[in-house]
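Below are the chains, spelled out letter by letter.
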Amino acid sequence: MRGRGAFVVALLLASSARAESPERAPSHGPPLTVHVAASFGDGLRFNDPYRLASVLGSSAEGVSSTAPYVDLAAMITFGDPRKFQAGFAFHTTLAVAGVQQTILSPGFVFYRRFRNVAAYARGGTPLVVTPDVTWGLEGALGGVWFVRAGIGLVLEAVGDVFYGSGTREVTAAAYPVLSGQLGITIAYEVVP
């Protein structure tokens, strides 16, 4: 009986030593970084069949300015913050003048930080939810200058193509938009 008891104690000690060894420590997943941002922007629309008040060109295919807007963003990037990271982005864009328009834009992001600057590219599918429901495609390039460890100024160029109501000449029109935005971002690294 003593031999069995000593054997059981030896097994328990060996298994607890293995659980405490660093090479057998359980993995909790890769680190992640949470980014939030608030930006103010404006843009140019390259197809204006409705002859909006802000027409800059002379024809329906001409350029017009969009309404100024506020963009609220949240991103989650995965991986070592000193290397390339990939993740998900979600933007909510609200017009602050003219027609009250709301756009929700889920997508993906590729992000890289270098000391006090960062660069990223993102893409997604913006959904216009007010005043009329439609959708589009979006791509953006951005840069961040971190003035403090996790607080920075963000500058972003955004290209969109929205699909919407047609005209007499076109049954389903595409509306290309190019815009720029400037804002503040906060990045918070979470290490599991």
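Structure first, text after, so check above.
A few points on the structure. These numbers were taken from a predicted model, which means no experiment stands behind them.

So, on to the packing of aromatic side chains. The relation between two aromatic rings is expressed through the spacing of the ring centres and the mutual angle of the planes. Applying the stated criterion to the full structure yields four aromatic pairs. Taking the centre distance of 6.3 Å and the plane angle of 20 degrees together, the rings of Tyr 111 and Tyr 120 count as stacked. Here the two residues Tyr 111 and Tyr 120 agree in accessibility, since each one is buried. Here Arg 112 stacks its cationic end above the ring of Phe 84, 5.6 Å away from the centre of that ring. The ring of Phe 146 has Arg 113 lying over it, and the distance from NZ or CZ to the ring centre is 3.6 Å.

Attention now goes to the side chain of Thr 33. For Thr 33, the location among the structural elements is in strand E1 (residues 32–45). On the basis of relative accessibility, which here comes to 6%, the residue Thr 33 falls in the buried class. Within the structure, the side chain of Thr 33 is placed 3.4 Å from the side chain of Gln 85, a separation counted as a polar contact. The contacts of Thr 33, once residues within four sequence positions are left out, are Met 75, Ile 76, Thr 77, Pro 81, Gln 85, Ala 187, Tyr 188 and Glu 189.

Rules behind the numbers
- Residues numbered from 1 in each chain as written.
- Predicted model: local features only at pLDDT ≥ 70, side-chain atom pairs only at ≥ 80, totals over all residues.
- Heavy atoms only, no water.
- Phe/Tyr/Trp six-rings, centres within 6.5 Å; stacked < 30°, edge-to-face > 60°.
- Buried < 20%, exposed > 50% of the residue type's maximum accessible area, 1.4 Å probe, protein only.
- Lys NZ or Arg CZ within 6 Å of the ring centre and 35° of its normal.
- Helix = DSSP H or I, 4+ residues; strand = E, 2+ residues; numbered from the N terminus.
- Polar contact = N/O pair within 3.5 Å; in protein donor to acceptor, adjacent residues only side chain to side chain.
- Contact = heavy atoms within 4.5 Å.

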